[in-house]
Amino acid sequence: MNQLLGGRYKLGEMIGAGGMADVYVAEDTRLAREVAVKILRSDLARDPSFVARFRKEAFAAAGLNHPGIVAVYDSGEEPAPYIVMELISGHTLRELIHKGERIPLKRALEIGEGILAALEYSHERGIVHRDIKPANIMITNQGDVKVMDFGIARALADLGATLTNTWNIVGTAQYLSPEQALGEVADLRSDIYSTGCLLYEVLTGKPPFTGETPVSIAYQHVSGSLISPSSLVPELPAGVDLILKVALAKKAEDRYQSAGLMLDDLFKVGAGQVLTTKAPRNKISRRKIIVSAISTVVVTIAVIASLLLTRPNTDISAFPQVPNVIGLTQADAQAMLSDYVVTIARAHDARIPKDRVASQIPLATSLAQKGSGVVLTLSDGPGDSIVPVDLVGMSLINARAALSAVGLLVTRTEAVPSDQKIGTVLKVTPDAGSIITAGGGVILQIASGQVEVPDLIGIDAIQAKTILVQVGFLVKEVEAYDVNQPVGIIIRQAPDAGTTQTIGQSVTITINKAP
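Residues numbered from 1 in each chain as written. Predicted model: local features only at pLDDT ≥ 70, side-chain atom pairs only at ≥ 80, totals over all residues. Heavy atoms only, no water.

### Regarding the sheet that holds strand E14 (residues 409-416)
Pairing is mixed in the open sheet, where 3 strands are placed in the order E14-E17-E15. The open sheet is flanked by E14 and strand E15 (425-429), the only strands paired with a single partner. Going from strand to strand, the sheet's axes swing by 25° on average, the running direction of each strand aside. (Pairing = 2+ DSSP bridges. Helix = DSSP H or I, 4+ residues; strand = E, 2+ residues; numbered from the N terminus. Axes fitted to C-alpha atoms, helices over the stretch in contact; angles between N-to-C directions.)

Given below as C-alpha cells:
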C-alpha cells in the first residue's frame, strides 16, 4: 500500500486492526522517520459529529508529553480521518495476557505503576482516557509501559457510543466502570476503575467480571460481588486485595480519588509496607437498590437486541435509536421519548443538577422497539458526606486517603509551626463530624517544617519513589541514558541530596533508561 496521506506519510504494511481503526507503519517523508498511522473505520469516518470530536481530542492528545503515553505527532482527515503516532516496537498488554503466561508480581505492579503515572499526568491536564484496557497498553521491547489512544477513546465516548450499540465488543465491556455501563458521565475515577480491572486480570489471569455478552458483563460491574484476588492467587500480598477493592468500588466516590493515590499504594505494596487506605464500607444505599432493579431491564433489552440481530427480516424501523436525554428535565425527556413507556426512578448524583435526568436505560443511540420501556433516573442532587472524626494526628497522605474514601477532597493545606511531626494534620475545617455536600472539600492545617532530601543516586527507581513518598515529597520523573550506569537506577536528582525543602514539594528523579 503506497498511499500518501497528507502529502507526507507513505503507508506501508498493516500492523494492527481493531474495532475503531486500522494501523499501518508509515514513512514520514518530511522527517525521514518511521511512524504509526491509525486510520479510522469507515462508518465512524462518515459521522461528521465524530470527526469533529476526533479532531478536537486528537489535538488535545498531541499536547500530552509524557514517557508513559504514546506520542501523537499529527492528524488529518483525507481520505479518511487519521492520526500519526510514535511507532512502538513491542506488544500490547492484551497480546501478553492472551499468551496465558503468568506475569510475576513485581512486573505486574510495574505495569500498574506505569499506567497510573501516565493517567496522573493526563488527569492533571484535564484529559480522561475513558477506555483503559489491555489493547490500549503497549509494552515496549525495552519493557517500558505506554498508554495509547487518548484521542480516539475520548472522541468515541463523547459521541455516546456505549455498551448497548457495540454488543459484540466483549473485551471492552470487561473494563467498563459501573457509571459507563449505566450511560453516566465518566471522569478520572472511571479510568481508575478500568485500571483496577486490568490490574486484577494481570495479577490473577482473569478479569474481575465475565459473561457471555457485554450486557451480562455490565450487570456484573454494576451489581456483582468482587472475588478477592488472593482467593484466586493465595500468594498475593494482603495489600493487593485492599488496592483492588478500593479501585473497583461500585460508587466512584468510594474509589481512589486520583491516580496518584492508587500509585502510592502500589509503591507501598511493592516495598512490602502496610497500607493505611481504608476499604469502602458496604452501604446499601437507595442508588444501589435502583441499580439492581434496572439491571434486570438491561438484560431484557439485551435479549430484544439479540433477537433483532438474528432476524434479518425484522422491520428495522420498529427499532429506532433511543434519543439522549441525559441532563434534561423530566417533562422534556418524556416528550422526546413519546414512542416509549417511561418509568421514573430517583437517586443522588453529584454531577447532574437536581431533577434532571442522570442516567437512562437503554443507553442513548441503542435500538429499542417502539412501545418498550425506558427507565430514567432523576438526580436528587449530590447527597451528603460526613467529615471523618479521626483526621487530626494523621499524616497528610493518610488524611487525603481517608477523605477520598468518603467522597471528599482536600481543597487547601495550611502549613503552620508546630512541635508535631512534619506533615501531621493539626486541624480540619469544617470540623470532624460535619455534614457537607459529597464531592466537596476540606481545609487541612498541617505541621510545617523542612525535610532533608534523601540521597537517591544509584538506587532502584521503585525504591527511590517509595522513599520519597514516605518522607512526604511528590515525585516527578524524567528519563535519560548513561551507558556506564545500570538501567533502572537513579542517575540524577533535583534538589541535591542533603538540601532541605518544605514537605509536599516535588523532587525530580532521572531514571536511566536505554533509548
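Back to the write-up after that little detour.
### Comments concerning the side chain of His221
For His221, the location among the structural elements is in helix H9 (residues 214-223). Judged by relative accessible area, His221 falls into the buried class, the value being 0%. Here Ala173 takes part through its backbone oxygen, which lies 2.9 Å from a polar atom of the side chain of His221. A polar side-chain atom of His221 sits 2.8 Å from a polar atom in the side chain of Tyr193. Filtering out sequence-adjacent residues up to four positions away, His221 remains in contact with Ala173, Gln174, Tyr175, Leu176, Pro178, Tyr193, Cys197, Phe209 and Lys250. (Buried < 20%, exposed > 50% of the residue type's maximum accessible area, 1.4 Å probe, protein only. Polar contact = N/O pair within 3.5 Å; in protein donor to acceptor, adjacent residues only side chain to side chain. Contact = heavy atoms within 4.5 Å.)

### What to know about a nonpolar patch on the surface
A surface patch of nonpolar side chains, about 310 Å² in accessible area, is lined by Tyr481, Val483 and Val487. With respect to the helices and strands, the residue Val487 is situated in the loop between strand E19 (474-480) and strand E20 (490-494). A relative accessible area of 55% means that Val487 is categorised as exposed. (Patch = residues over 30% accessible without salt bridge, like charges linked within 9 Å, V, L, I, M, F, W, Y side chains within 5 Å. Areas by Shrake-Rupley, 256 points an atom, 1.4 Å probe, with all protein chains shown as cover. Salt bridge = Lys/Arg side-chain N within 4 Å of Asp/Glu carboxyl O.)

### Observations concerning helix H16 (residues 461-471)
Three or more residues of H16 are buried, namely Ala461, Ile462, Ala464, Lys465, Thr466, Leu468 and Val469. Structurally, the start of H16 carries an N-cap: the backbone nitrogen of Ile462 is 3.0 Å from a side-chain oxygen of Asp460. After H16 finishes, the residue Gly472 shows a positive phi value of roughly 115°.

### Quick word on the environment of Lys206
Topologically, Lys206 is positioned in the loop between helix H8 (188-204) and H9. Sequence spacing of Lys206 and Leu232 is 26 residues, and the spatial spacing of their C-alpha atoms is 9.4 Å. Not counting residues up to four positions away in its chain, the partners in contact with Lys206 are Tyr200, Glu201 and Leu232.

### Focus on the packing of H8 against helix H11 (residues 238-247)
Two elements in contact, H8 and H11, have axes separated by 8 Å at closest approach and are oriented at 145°. Here the hand of the crossing between H8 and H11 comes out left-handed. Of the residues in H11, those in contact with Ile192, Tyr193, Gly196, Leu199, Tyr200 and Leu203 of H8 are Val240, Leu244 and Ala247. Considering only residue class, the contact of H8 with H11 consists of 8 nonpolar, 1 polar and no charged. (Left-handed = near helix turned anticlockwise from the far one by under 90°. Nonpolar A, V, L, I, M, F, W, Y, C, P; charged D, E, K, R; others polar.)

Nothing here speaks to function; it is all geometry.
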